[in-house]
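# Summary of the model geometry
The chain contents come next:
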Amino acid sequence: MSFYSAGIEVAPGKSDFLCPLANISQCALTETNDNLVFLIYNPLTKPIEEQIVRIPVKEANIQVFDKYSQEIYVEFVPVPQFVKNIPGRDSESQFDAVFLVEDIPPLGYQTYFLKKNEIPNPDLIVTVEELESWDDLPIIANVGYYQGSGQEPQPSGAYIFR
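This is a predicted model, so every value here is computed, not measured. (Residues numbered from 1 in each chain as written. Predicted model: local features only at pLDDT ≥ 70, side-chain atom pairs only at ≥ 80, totals over all residues. Heavy atoms only, no water.)

## Quick word on the overall build of the protein
On a plain count of helices and strands, the protein comes out with two helices and seven strands. Across the protein, helices and strands are ordered from the amino to the carboxyl terminus as α-β-β-β-β-β-α-β-β. In the protein, buried positions account for 31% of the 162 residues. Pairs at least 24 residues apart make up 75% of the contacts formed inside the protein by residues separated by at least 6 positions. Per element, the accessible surface of the protein, about 12200 Å² overall, is 53% carbon and sulfur. (Helix = DSSP H or I, 4+ residues; strand = E, 2+ residues; numbered from the N terminus. Buried < 20%, exposed > 50% of the residue type's maximum accessible area, 1.4 Å probe, protein only. Contact = heavy atoms within 4.5 Å. Areas by Shrake-Rupley, 256 points an atom, 1.4 Å probe, with all protein chains shown as cover.)

## Some words on the sheet that holds strand β2 (residues 48-57)
With antiparallel pairing, the three strands of this open sheet are ordered in space as β2-β6-β5. Either end of the sheet is taken by a strand with one partner, and the two such strands are β2 and β5 (75-78). On average, adjacent strands in this sheet sit at an angle of 35 degrees to one another, irrespective of strand direction. For β2 and strand β6 (residues 95-104), the ladder comprises nine bridges, and the chain directions are antiparallel. (Pairing = 2+ DSSP bridges. Axes fitted to C-alpha atoms, helices over the stretch in contact; angles between N-to-C directions.)

## Overview of the side chain of Arg 89
Position of Arg 89 relative to the elements: it lies in the loop between α2 (81-84) and β6. No salt bridge is formed by the buried Arg 89, whose closest oppositely charged neighbour, Glu 31, lies at an N-O distance of 5.7 Å. A polar atom in the side chain of Arg 89 sits 2.8 Å from the backbone oxygen of Ser 25. Engagement of the side chain of Arg 89 in a polar contact is seen with the backbone oxygen of Ser 93, the distance being 3.3 Å. In contact with Arg 89, not counting residues within four places along its chain, are Ile 24, Ser 25, Gln 26, Val 79, Val 83 and Lys 84. (Lys, Arg positive; Asp, Glu negative; His and termini not counted. Salt bridge = Lys/Arg side-chain N within 4 Å of Asp/Glu carboxyl O. Polar contact = N/O pair within 3.5 Å; in protein donor to acceptor, adjacent residues only side chain to side chain.)

## Digging into the environment of Asp 103
Considering the arrangement of structural elements, one finds Asp 103 in strand β6. Expressed as a C-alpha distance, the spacing of Asp 103 and Gln 51, which sit 52 residues apart in the sequence, is 8.8 Å. Once residues within four sequence positions are removed from consideration, Asp 103 is found in contact with Ile 48, Glu 49 and Gln 110.

## Some thoughts on the sheet that holds strand β3 (residues 62-65)
With antiparallel pairing, the four strands of this open sheet are ordered in space as β1-β7-β3-β4. Where the open sheet ends on each side, the last strands, each with one partner, are β1 (35-41) and β4 (71-72). Of the pairings in the sheet, the one linking β1 to strand β7 (residues 109-116) comprises seven bridges and is antiparallel in character. The residue bridging Phe 38 from the neighbouring strand is Tyr 112, located in β7.

## Digging into the pattern of salt bridges
Per the stated rule, a full pass over the model turns up three salt bridges. Between Lys 116 and Asp 34 there is a salt bridge, and its shortest N-O distance comes to 3.7 Å. A residue pair is termed long-range when its members are at least 10 positions apart, and Lys 116 in strand β7 and Asp 34 in the loop between α1 (28-32) and β1 qualify at 82 residues. Lys 116 sits in the partly exposed class, given a relative accessible area of 35%. Across the pair Glu 92 and Lys 58 runs a salt bridge whose closest N-O atoms are separated by 3.5 Å. A residue pair is termed long-range when its members are at least 10 positions apart, and Glu 92 in the loop between α2 and β6 and Lys 58 in the loop between β2 and β3 qualify at 34 residues.

Coordinates in, geometry out; function isn't part of it.
Now the structure itself:
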């Protein structure tokens, strides 16, 4: 089975291959292409079993498929206004598409396919509520200590420094 069975046709020869400004929800690749093949790279020497990926998109109207043409569940998180107001940000992205990738081999990659739908799905848009104050957030902190036993010059304890 290939990604063509999912109805994805990608123009060959794209020279752009990075989204260096994804941390401010800006990516020319995802903003200008209706269909896109992208790789999730693992620079580690151990496999990544699960990883959450965020990709900036203009609208909540994309589908993501794995290399077997299986659709991956995607949620859309609105880009906060303070991110949109970052000086130098030149982007039309209104959402971050958030999805889970799995089984990325060590020093390897997995291929994924992005396909634009005609109609956005508002049921997949996640709403984020901001706290009015930190007083509403219950935080509990406990402090503990370890009392060693023994005599000088070397009492027992977790660490011995010489």
